[in-house]
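Each chain is listed here by its residues.
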Amino acid sequence: MKQKISIIGSGFASLAASCYLAKEGYDITIYEKNSEVGGRARQLKKEGFTFDIGPTWYWMPDVFERFFADFDKKPEDYYQLIKLNPAYRVYFEKGHYISIEDSLEKIYAAFEKEEPGSSKALKKFIKEARENYDIAIKDVVYRPGVSPLELVTPQTAARIGQFFSTISKKVRKEFNNQNLIKILEFPVLFLGAKPTNTPSFYSFMNYADFGLGTWHPKGGMYEVIRGIQSLAESLGVKIKTNSTVSNIKVENNTAKGLYVNDEFIASDIVLSGADYHHSEQLLPEEHRQYSEKYWESRTFAPSSLLFYVGFDKKLKDTVHHSLFFDTDFDVHAQNIYDNPKWPENPLFYASFPSVTDDNVAPEGKEAGIFLIPLAPDIEDTAELRAKYFEKIITRFETLTNQSVKNNVIFKESFCVNDFKEAYNSYKGNAYGLANTLLQTAFLRPKLKSKKVNNLFFAGQLTVPGPGVPPSLISGKLTAGLITKNKN
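In this report, we go over the structure that sits alongside the text. Being a predicted model, the structure only gives us computed values, none of them experimental. Positions within a chain are numbered from 1, following the residues in the order the chain's sequence is written. Reporting of local features is limited, given that this is a predicted model, to residues whose pLDDT is at least 70; pairs of side-chain atoms are given and counted only at 80 or more, and all residues count toward the totals for whole chains, interfaces and linings. Hydrogens and water molecules were not included; the side-chain quantities draw on all heavy atoms of the structure.

## Quick notes on the packing of aromatic side chains
Ring geometry is summarised as follows: Phe, Tyr and Trp rings, the Trp one being its six-membered ring, pair when their centres sit within 6.5 Å, and such pairs are stacked at plane angles under 30 degrees, edge-to-face over 60 and tilted between the two. Tallying each qualifying case throughout the model produces 51 aromatic pairs. For the ring pair W57 and F186, a centre distance of 5.7 Å and an interplane angle of 50° mean the geometry is tilted. In this pair, W57 sits in the loop between β4 (49–52) and α2 (61–69) while F186 sits in the loop between α7 (178–185) and α8 (204–211), placing the two residues 129 residues apart along the sequence. Classification of residues uses two cut-offs on accessible area relative to the type maximum, computed with a 1.4 Å probe and protein chains only: under 20% is buried, over 50% is exposed, and between them is partly exposed. We classify W57 as buried; its relative accessible area is 10%. Measuring from centroid to centroid gives 5.2 Å for Y294 and W295, while their planes differ by 80°, and the two rings are edge-to-face. Assigned by exposure class, Y294 and W295 land together as buried. The ring of F264 carries K249 above its face, with NZ or CZ at 4.7 Å from the centroid. Its guanidinium or amino end placed over the ring of F389, K411 lies 5.0 Å from that ring's centre, counting from NZ or CZ. Strands here are runs of E lasting at least two residues and helices are runs of H or I lasting at least four, both read from the DSSP assignment and numbered beginning at the N terminus. Remark: a charge is flagged as sitting over a ring if the NZ atom of Lys or the CZ atom of Arg is within 6 Å of the ring centre and within 35 degrees of the ring normal.

The following block contains the structure:
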């Protein structure tokens with residue numbers, strides 16, 4: 001008889017794990033509290049517009065290819081990818097922006113135009129970043145964080161200094177122009193920490209950015225969720241939505257199943273891809289690995305204030321992804337990590353997927369997503385949301401030299417309180433646990449419970465870290481540990 005595995009949550013990590021485990025012959029059921037599959041990668045549909053509520057960046061296409069290849073499939077079997085050009089645009093002041101285009105040669109030229117001589121430094125920087133990417137993504141991140149020795153390879157040993165220096169130091173040693181520094185420090189924000197706290201080995205994110213490019217799945221990132229869901233179901237995975245897990249039952253230090261909508265579901269193995277802190281709250285206190293003091297001491301990635309906006313016209317000179325770095329990067333970072341408060345002049349990000357994709361907005365209209373990174377657990381009120389929308393839309397109008405306020409058909413928002421309610425997110429974090437030196441690999445919360453047999457975890461609060469590609473990898477790693485445990 002097949003062993004029965006119950007999985008909590010249906011985000012990228014849970015779906016990926018379900019595919020690997022179903023392939024190994026387990027009987028898999030996923031329980032999702034919300035009405036749709038996807039965890040944090042959900043959709044909002046309104047008045048003919050479609051928005052990705054969660055992730056909007058498709059980076060590291062090779063990780064997705066590797067995932068589907070494990071099942072003799074390809075991404076294009078499930079969704080169509082469009083390479084963006086420009087990948088994104090960075091605004092520094094009115095009339096001054098830099099576009100990051102779709103090839104290294106074009107990016108070298110953009111750097112050279114901004115600061116003569118900088119392209120030579122960038123070529124050297126990207127060469128090292130590519131080498132780090134090959135080491136990290138093709139090897140190190142596919143290790144389950146069981147032992148410190150996983151990080152010790154001839155390649156990582158030769159780069160040991162990069163684990164004790166930072167991205168910020170590395171970039172500022174090679175570049176003087178503040179705008180170029182901001183562009184090079186930007187990708188590590190996906191790792192959830194300040195560049196001053198992120199090991200310089202993570203420059204591999206710059207290769208992911210410049211070398212591999214930025215892509216858009218036609219229809220939005222939710223098409224990737226649909227694709228993995230389709231794969232999972234073809235392998236026999238059962239998915240139940242509107243299914244709230246209230247308790248993980250433990251007997252004799254062994255997970256025995258879940259209480260789902262107050263009904264007990266017996267299970268041989270339990271895997272939670274939900275927020276790690278929340279998952280442990282489903283256990284009796286004596287069976288939790290990590291105390292509240294532990295979680296309080298961790299560095300969490302930011303939360304966010306997001307707006308999903310329908311415009312009644314096409315916007316002028318707008319690209320798919322834009323970053324607005326016309327204010328002080330360091331001050332905003334301090335407001336997230338060092339002195340948590342609402343930033344007076346926030347950096348923000350805007351995405352207009354309808355620039356690329358006709359499927360996401362009615363003809364002649366524009367879909368806009370705006371995001372402000374915020375400290376987790378910060379005060380969240382309707383008044384603050386309205387105040388900050390006014391701040392960023394005013395700056396957007398100034399920096400892009402157009403009027404848009406009177407063209408807003410509707411706007412929906414999503415912030416700290418929503419992350420807590422929708423995803424049981426610890427302190428309302430948006431991206432999980434930051435990848436600082438002391439929260440890397442074996443120093444992150446474990447994939448396998450140390451206190452409860454047959455209880456496992458996956459997702460962006462555990463190994464290897466925050467982001468969509470790491471979440472796919474996390475699902476694979478956890479499935480591998482379960483299969484190994486069986487054997």
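## Observations concerning the environment of S413
Assignment of secondary structure puts S413 in strand β18 (residues 408–414). Here a polar contact is taken to be a pair of N or O atoms separated by no more than 3.5 Å, where protein atoms must pair a possible hydrogen donor with a possible acceptor and residues adjacent in sequence count only if both atoms sit in side chains. In terms of polar contacts, S413 uses its side chain to reach the side chain of R385, at 2.9 Å.

## Quick notes on the packing of helix α1 (residues 12–23) against helix α9 (residues 222–234)
Orientation is described by lines fitted to C-alpha atoms, with helices fitted over the stretch in contact, and by angles between N-to-C directions that extend from 0 to 180 degrees. Between α1 and α9, whose axes approach to 9 Å, the crossing angle comes to 25°. On the basis of the axis angle, α1 is roughly parallel to α9. Every pair of crossing elements has a handedness; the one defined by α1 and α9 is left-handed. Each of F12, L15, A16, S18 and C19 in α1 lies in contact with α9, whose residues at this interface are V224, I225, I228, Q229, L231 and A232. Only Asp, Glu, Lys and Arg are considered charged, only Ala, Val, Leu, Ile, Met, Phe, Trp, Tyr, Cys and Pro nonpolar, and every remaining residue, Gly among them, polar. Each residue belonging to the contact of α1 with α9 can be placed in one class, and the counts come to nine nonpolar, two polar and no charged. Working rule for angles: under 35 degrees goes down as roughly parallel, over 145 as roughly antiparallel, 65 to 115 as roughly perpendicular, anything else as oblique. Helix crossings are classified by the rotation of the near helix relative to the far one: an anticlockwise turn of less than a right angle makes the crossing left-handed, while a clockwise turn makes it right-handed. Only heavy atoms matter for contacts: two residues are in contact if any of them lie within 4.5 Å across the pair.

## Looking at the side chain of S272
As for its placement among the helices and strands, S272 is situated in strand β13 (residues 269–272). A polar atom in the side chain of S272 sits 2.5 Å from the side chain of S279. Beyond its immediate stretch of four places on either side in the chain, S272 contacts I8, S279, F456, F457 and A458.

## Comments concerning the environment of W57
Residues W57 and V468, spaced 411 residues apart in sequence, show a C-alpha to C-alpha distance of 8.8 Å. Of note is the side chain of W57, whose polar atom sits 3.4 Å from the side chain of Y349.

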